[in-house]
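Take a look at the letters that make up each chain.
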Amino acid sequence: MKLIRQIPKTLILLSCLLLSLTLAGCQKTGKLDEGDCKCNISFSDIPKEFTMLEENLLDSFEIKVVLENTVNETLYYVYLNQENDYFTQVSLHPGTYKINTASNNMSKYNNISLGASVESIELSAETTGEISITIDNPEEFSQSWMATQPQPEILLADKFSGQIQINRKIISITDIMAELELTPEAEEDVEPYEKMELTDNHYGITVTVLNNSKKDAPWEDCDVIAIRASKNTVVFPEGVTLGMAADKVLDKQSGLYGEPDACTGSLLFGWQLDDTQFLYNDLATGNKITISLSPDGTYVSAISYELACFE
């Protein structure tokens, strides 16, 4: 009976995969060496802070540039990364190409937005075209980089200390609401002994509060019992940040947090189809840390810290 109930889910998954492959097959894409009109595409004007990004953020950083032929609408996908030293030369047919996209795969964790030096470019065999990709928000990026540099106090803090670093401040997670502009999931007050989630989209932080009183209360008067960070705006104890390589945090021998106490997820872990979470439990307090990994299991994508509640 269990096998019969699982079949529909399997069929749905296979159908989704087939549909994705079908749609991808219909997309009109060209080859980067199909013509004789050369164009150099590079990542330039790189600020010094970029080279000092956390190791995995730097190693994993990849720029995707999408060019589109304005006549036949063929798309060309160009990737810039450490392997090609953020430079490549393409050879396309004569014509006008617009730059559809210039994005990076780790923008959620490095706070980098990108722009191109031109909106479109005319390619011919007589001259070599040039497209420079630059950081659109250099000052914001530099400030973000600075804010996530771990201070000595947070590096020395125990993972269950309940401390975090945000905006260059070391605070208890119970005081985090003062640092955020939170939007509640509902406008009404929180009922007695009920919870509510509040979100700051800029920081990528969700806060859970509990009304630990016998009457309705505004969320501002409730107790913080959990936080979840999904952007790299918080430094957790021992210098753990989002975007770090999974092994750097979870490895039994060398990981900052060591071997987790438990793991949740599905058999699809590592297939880029499902998230996996690793749990650390503090037996002394009942507090819990949850580390979420990217679908391919290579880096930390979110961190939750939950305080024990005794209702």
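Predicted model only: the values in this text are computed from it and were never measured.

## A short note on the overall build of the protein
Summing up its helical and strand segments, the protein has six helices and 18 strands in all. Put simply, the protein has 311 residues, and 43% of those count as buried. Here the analysis covers contacts within the protein between residues at least 6 apart in sequence; of these, 54% occur between residues at least 24 apart. When the accessible surface of the protein is split by element, carbon and sulfur atoms take 51% of a total near 17300 Å².

## A look at the side chain of Asn40
Structurally, Asn40 can be placed in strand E1 (residues 37–43). Among the polar contacts listed, one links the side chain of Asn40 to the side chain of Glu130, at a separation of 2.9 Å. Apart from the residues lying within four places of it in its own chain, the contact partners of Asn40 are Phe87, Thr88, Gln89, Thr128, Gly129, Glu130 and Ile131.

## Things to note about the confidence of the model for the protein
Confidence in the prediction of the protein, expressed as mean pLDDT, is 90, and 87% of residues score 70 or more. The low-confidence segment residues 1–7 (pLDDT under 50) makes zero contacts with residues lying over four places distant or belonging to another chain.

Here is what the cut-offs are and how they apply
- Every chain begins its residue count from 1, and numbering advances along the sequence as written.
- Reporting of local features is limited, given that this is a predicted model, to residues whose pLDDT is at least 70; pairs of side-chain atoms are given and counted only at 80 or more, and all residues count toward the totals for whole chains, interfaces and linings.
- To get the side-chain values, take all heavy atoms of the structure and skip hydrogens and water.
- The helix and strand labels rest on DSSP assignments: H or I over at least four residues marks a helix, E over at least two residues marks a strand, and numbering proceeds from the N terminus.
- Exposure classes here rest on a 1.4 Å probe applied to the protein chains alone. A residue is buried below 20% of its type maximum, exposed above 50%, and partly exposed in between.
- Here a residue-residue contact requires only that any non-hydrogen atoms of the pair lie within 4.5 Å.
- Reported accessibility uses the Shrake-Rupley method at a 1.4 Å probe radius. Residues are deemed covered only where the shown protein chains occlude them.
- Throughout this description, a polar contact denotes any pair of N or O atoms lying within 3.5 Å of each other; where both atoms belong to protein, one of them has to be capable of donating a hydrogen while the other can accept it, and for residues adjacent in sequence the pair is counted only when both atoms sit in side chains.
- Confidence scores per residue from the predictor, reported as pLDDT, run from 0 to 100.

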